[in-house]
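# Coordinates in review
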Amino acid sequence: MSPTSPASTMRTRSTRRLTTAQALVAFLARQYTERDGRRHRLISATWGIFGHGNVAGIGQALVEAGHGGNGTAYRMPYLQGRNEQAMVHAAVGYARQSGRLSAHAVTTSIGPGATNLVTGAALATINHLPVLLLPGDTFATRPADPVLQQLEVPYVGDVSVNDCLRPVSRYFDRVTRPEALIPAALQAMRVLADPAETGAVTLALPQDVQAEAYDWPEEFFAERVWRVRRPAPDTAELEAAVRAVRSARRPLIVAGGGVRHSAAEETLAAFTAATRIPVASTQAGKGALRHDHPADVGGIGHTGTATADELARTADLVIGVGTRYTDFTTASGTLFENPAVRFLNLNITGFDAHKLAALPLVADARTGLEALTSALAGRGYRIDPAYETEYTGAKEAWEEQVEASFTTPDPTARPTQTQVLGLLDTLVTEEDILINAAGSLPGDLHKLWRTRSRDQYHVEYGYSCMGYEIPAAIGVLLATGAQGHEGRPVWALVGDGTYLMNPTEIVTAVQENLPLRLLILQNHGYASIGGLSEAVGGERFGTAYRHRDADGGFTGPPLPVDLAANAASLGMRVLRATTVDDLRKALAEARSAEGPTCVYVETETPDTVSGPPPAQAWWDVPVAETASRPAAVTAREEYDRRVAARRHHL
């Protein structure tokens, strides 16, 4: 028998005739990640809101996949959202809780449905969390031009509103032919599963291409495993890192989100046990060590503890582990004051490892810490006992301030925001998960919250996006397998400003019978920005939720907005609390409740909402250089004094 020619092989190869959308969904259902020998479904569900740009394509394909269609038992679960941005937030919450090893897809129509993805995509990419975006797009074949919701660009013919997603996506492709899906889908999976590259991935899908049929090779639908690597450090970089640690007298570790993403918490604890180096944490890294671990000195930077920030000011070596050093962490370049300070950055990305002119140690956080611990073990390195005594004593003193902030001496009084956190602190265990993202709460939580487990503290502060909390909590609940009364308690903590931004996914929690615990703190305005406005000479302009006064300002009575009634109208059970004692009882009842439950409490006014202790480090928000009002003039004088302390670490 003569050999089969390549051409005849192509003709006889097994194929399956599907639409592009059906092929994509079938492909996604067979993708897996694997790390440390454990396999996870890479895309475990798809969120969607349907319109003319995806209903006949991805929508129809999900109907097929939901019933084991297209000749396969593989299914693609569907989740119904109410707002496209919120669907991305839910997917991000799911991905974070899943250790970035499993993700969700999000499908939308063209036009506003697609552009609503942009904020969520930016949040995902900034936080290095995987989410697959599948927005519909205008016709590739252009049978009518323009179509409904199409943006016309006079100087170019191949741009749509989906191009807004390019700068906020780690990978972007527009699939203008069915066969182009094969390389695009493979690249999308590669990026989603890459611990250094991951973030939002966008495949823009023209609505006609979604519905077009093609003969797909069966190999495209085979199970595919994407191994999430743990790169080890370079030998020379490791040796340089060991020398830097051994020569340090006052080292400080700054633990970032990379510790959590790598599941490196136990390795970090082993490293500190061997060296006794104290550990401060960023917002994303909080929980890297339990709050009661001897080496944990709390949050660092503008929202950090006095203990961590004072150690940072005197440190001669700062060891960043999985952090990207935002301005909140560095106090806008003013925190690390020691003239001799140097940086050693362990990070899976070279981009972050080289920041602040650091010695880079490019590696997975867990692998890198294991290598450092091993290399130091035989060389007898441990910090001076006096340094350890110093920071443990400072930690005890800070805990006294935390207790004072949490204290509620009058059970009949209206609680302050910190007292609300204090009451919650007495109630939770290591099972509870707290979710927050914006406003004054992240600062209070970073300074004061006593984290009891590696995943309890879920504060999104890379993008600090109002409206993240409720949908993200739904994603976390889905990742933990919660249903009805079963599952870990997941709390979404929101202020009134955040609630008004995005309450819609309450309906989703009700629909899915997810035991969401929603805590609404009503303080009649933007408390965080109100305080910042006052500090920079803005006189709290436009930050209060009040009626207009006779002069056109907003100093009248508070608006008669009933957020508790609104939550109830969306299907939640609502518990109202007016006093400290009411709140204590309501929180306990909500924690044990079945189904989605809301606790509503009115806290003290914005000027007292974030009681002591104050910020322990500066944050650079430029102040008007010229002004006629005394508040701005005084604020500029303080700004000039502060900014003079900023330095570049070279």
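Relevant structure appears above.
## Description of the nonpolar core
Counting residues in each nonpolar core, the largest one holds 52 residues, and the members touching the most others are Leu268 and Ile300. For this core, the element with the most residues is helix H15 (residues 365-377), which contributes 6 residues. When near neighbours in sequence (up to four residues on either side) are disregarded, leucine 268 contacts Ile253, Ala255, Val259, Val279, Ala288, Leu289 and Leu369.

## Here we look at the sheet that holds strand E15 (residues 317-321)
Taking strand neighbours across the sheet as the criterion, the 6 strands line up as E14-E13-E12-E15-E16-E17 in an open arrangement whose pairing is parallel. Among the strands making up the open sheet, the edge pair consists of strand E14 (296-299) and strand E17 (359-362). Ignoring which end each strand starts from, the neighbouring axes of this sheet average 20° apart. Relative to strand E13 (residues 279-281), strand E12 (residues 251-255) runs parallel, the two sharing 3 bridges. By the bridge assignment, alanine 255 is partnered in E13 with serine 281. In the packing of helix H11 (residues 265-275) onto the sheet, contacts are made with E12 and E13, and the angle to E12 comes to roughly 170°. Sheet contacts for helix H12 (residues 306-314): E12, E13 and E14; angle to E14, the most-contacted strand, approximately 100°.

## Here we look at the side chain of threonine 33
You can see threonine 33 is positioned in strand E2 (residues 31-35). Here leucine 101 takes part through its backbone oxygen, which lies 2.6 Å from a polar atom of the side chain of threonine 33.

## A closer look at the sheet that holds strand E5 (residues 78-80)
A sheet is described by the order of its strands in space; here 6 strands give the open sequence E5-E4-E6-E7-E9-E8, paired in parallel fashion. Pairing within the sheet leaves two strands with one partner each, and these edge strands are E5 and strand E8 (171-174). Adjacent strand axes in the sheet meet at a mean angle of 20° when their direction is disregarded. Taken together, the 5 bridges between strand E4 (residues 43-48) and strand E6 (residues 103-108) define a ladder with parallel strand orientation. Looking across to E6, one finds that tryptophan 47 is bridged to valine 106.

## A short note on helix H2 (residues 20-28)
Where burial is concerned, most of H2 is hidden: 9 out of the 9 residues are buried. Among the residues of H2, those classed as buried are Thr20, Ala21, Gln22, Ala23, Leu24, Val25, Ala26, Phe27 and Leu28.

## What to know about the pairing of E6
The element E6 is largely enclosed, with a buried count of 6 among its 6 residues. Of the two faces of E6, the one carrying Ala103, Ala105 and Thr107 and the one carrying His104, Val106 and Thr108 are both buried.

## Looking at the packing of H2 against helix H7 (residues 181-193)
Two elements in contact, H2 and H7, have axes separated by 11 Å at closest approach and are oriented at 30°. Every pair of crossing elements has a handedness; the one defined by H2 and H7 is right-handed. Touching Thr20, Ala23, Leu24, Phe27 and Leu28 of H2 are Leu181, Ala185, Leu186 and Met189, all from H7. Each residue belonging to the contact of H2 with H7 can be placed in one class, and the counts come to 8 nonpolar, 1 polar and no charged.

## Examining unusual backbone geometry
Between aspartate 145 and the following residue, proline 146, the backbone shows a cis peptide bond with an omega angle of 10°. By the secondary structure assignment, proline 146 is in the loop between strand E7 (131-137) and E8. You will see that arginine 142, though not glycine, has its phi angle at about 50°, which is positive. Turning to its location among the elements, arginine 142 is positioned in the loop between E7 and E8. Assessed through its relative accessible area of 45%, arginine 142 is described here as partly exposed.

Cut-offs applied
Residues numbered from 1 in each chain as written. Predicted model: local features only at pLDDT ≥ 70, side-chain atom pairs only at ≥ 80, totals over all residues. Heavy atoms only, no water. Core = buried A, V, L, I, M, F, W, Y, C linked by side-chain atoms within 4.5 Å. Buried < 20%, exposed > 50% of the residue type's maximum accessible area, 1.4 Å probe, protein only. Helix = DSSP H or I, 4+ residues; strand = E, 2+ residues; numbered from the N terminus. Contact = heavy atoms within 4.5 Å. Pairing = 2+ DSSP bridges. Axes fitted to C-alpha atoms, helices over the stretch in contact; angles between N-to-C directions. Polar contact = N/O pair within 3.5 Å; in protein donor to acceptor, adjacent residues only side chain to side chain. Left-handed = near helix turned anticlockwise from the far one by under 90°. Nonpolar A, V, L, I, M, F, W, Y, C, P; charged D, E, K, R; others polar.

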